[in-house]
Amino acid sequence: MVIPDDVIFDPPRLLRSISSNCVTEWLSTPSLFESVLQLSRTKDLIDAFKTLRVLLFNGEVVRPELARRALQVVKSSENPKARLFNLYSISECHEVSMCEITAETVATLTESEAYPVGYTQPYARSYLINPNTLEPVEEGEVGMLHIGGPGLAVGYVGNEGLTQEKFPTVKGLGRLYNTGDLARMKKVRRMGGGGVLGE
């Protein structure tokens, strides 16, 4: 279901809509979910999320405190089988990576870190490129996130200039999409958004 704007930006009405429609899966930006948390009582949240089986965060960085609170009210004793995910997706390639949000991972993060966005999906390839040299950065360095692979879009219909700008050809890697996001890869190749990575 698509929730109308006048409901989605009114946390009490949004909670009532989720509850009365027995919503089982919700894709939300972290900031929207945070506004719902801030303007609602914990008991009301737990009651509203009883039918929720999957909560997907997308579009913004997920901080540890938000992940902690989301686990508390969604994966509660009333709803222990619920699952929460942090997802990185772009229109030019769809879902790029995803990572389940768990209390164990949250416990390993400092408050300044972002929750990891997980491993790149099989149909996408992620590369961190130095924007000045258009060459891959060394492991552990921050670079501009570029996406490639068979799931990559052809370009923008009717806008060849933007297509050329956003889909550079990188030597040895081929045609990629420049997301404009900064990131850093660590040894296990799990990617964190917003320039901060998970382990």
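These numbers were taken from a predicted model, which means no experiment stands behind them.

Engineer: So, the pattern of salt bridges: which residues are in play, and what are the values?
Structural biologist: One pass over the structure, following the stated rule, counts 6 salt bridges. Here Asp-6 ties to Arg-13 by a salt bridge, and the two come within 3.4 Å at their closest N and O atoms. A residue is classified by how much of its surface remains accessible, and Asp-6, at 48% relative accessible area, is partly exposed. Look at Arg-13 and you get partly exposed, because its relative accessible area is 32%. Between Glu-111 and Arg-68 there is a salt bridge, and its shortest N-O distance comes to 2.9 Å.

Engineer: Describe the pairing of strand S6 (residues 125–130), naming the residues involved and giving the relevant values.
Structural biologist: For S6 and strand S8 (residues 142–148), the ladder comprises 5 bridges, and the chain directions are antiparallel. Along S8, the bridge assignment pairs Ile-129 with Met-144. Pairing analysis gives 2 bridges linking S6 to strand S7 (residues 135–136), with the strands arranged antiparallel. Residue pairing for S7: Asn-130 is matched across the bridge by Glu-135. In this antiparallel pair of consecutive strands, S6 and S7, the connection spans 4 residues, and Leu-134 shows a positive phi of 55°.

Engineer: Describe the nonpolar core, listing the residues and the values that go with them.
Structural biologist: As a rule of thumb, soluble globular proteins bury nonpolar side chains together. Within the largest apolar cluster, 33 residues are counted, with the highest numbers of intra-cluster contacts made by Trp-26, Phe-33, Phe-49, Leu-55 and Val-74. For this core, the elements supplying multiple residues, two or more each, are helix H1 (5–8), helix H2 (11–20), helix H3 (30–38), helix H4 (42–48), strand S2 (54–58) and helix H5 (64–74). Among the elements that make up this core, the one with the highest residue count is H5 (6 residues). Setting aside its immediate chain neighbours within four residues, Leu-55 contacts Trp-26, Ser-28, Phe-33, Ala-70, Val-74, Arg-83, Leu-84 and Phe-85. Core analysis: the next-biggest nonpolar cluster, separate from the first, contains 15 residues, Ile-90, Val-137, Tyr-177 and Met-185 among them.

Engineer: Describe the packing of H3 against H5, and please don't skip the residues or the numbers.
Structural biologist: Here H3 crosses H5 at 60°, and the two axes come no closer than 11 Å. Considered as vectors, H3 and H5 are oriented oblique to each other. By crossing handedness, the relation of H3 to H5 is classed as left-handed. Mapping the contact onto sequence places Pro-30, Phe-33, Glu-34 and Leu-37 in H3 and Leu-66, Arg-69, Ala-70, Val-73 and Val-74 in H5. Counted by class, the contact of H3 with H5 contains 7 nonpolar, no polar and 2 charged residues.

What counts, and where the lines are drawn
- Residues numbered from 1 in each chain as written.
- Predicted model: local features only at pLDDT ≥ 70, side-chain atom pairs only at ≥ 80, totals over all residues.
- Heavy atoms only, no water.
- Salt bridge = Lys/Arg side-chain N within 4 Å of Asp/Glu carboxyl O.
- Buried < 20%, exposed > 50% of the residue type's maximum accessible area, 1.4 Å probe, protein only.
- Pairing = 2+ DSSP bridges.
- Helix = DSSP H or I, 4+ residues; strand = E, 2+ residues; numbered from the N terminus.
- Core = buried A, V, L, I, M, F, W, Y, C linked by side-chain atoms within 4.5 Å.
- Contact = heavy atoms within 4.5 Å.
- Axes fitted to C-alpha atoms, helices over the stretch in contact; angles between N-to-C directions.
- Parallel < 35°, antiparallel > 145°, perpendicular 65-115°, else oblique.
- Left-handed = near helix turned anticlockwise from the far one by under 90°.
- Nonpolar A, V, L, I, M, F, W, Y, C, P; charged D, E, K, R; others polar.

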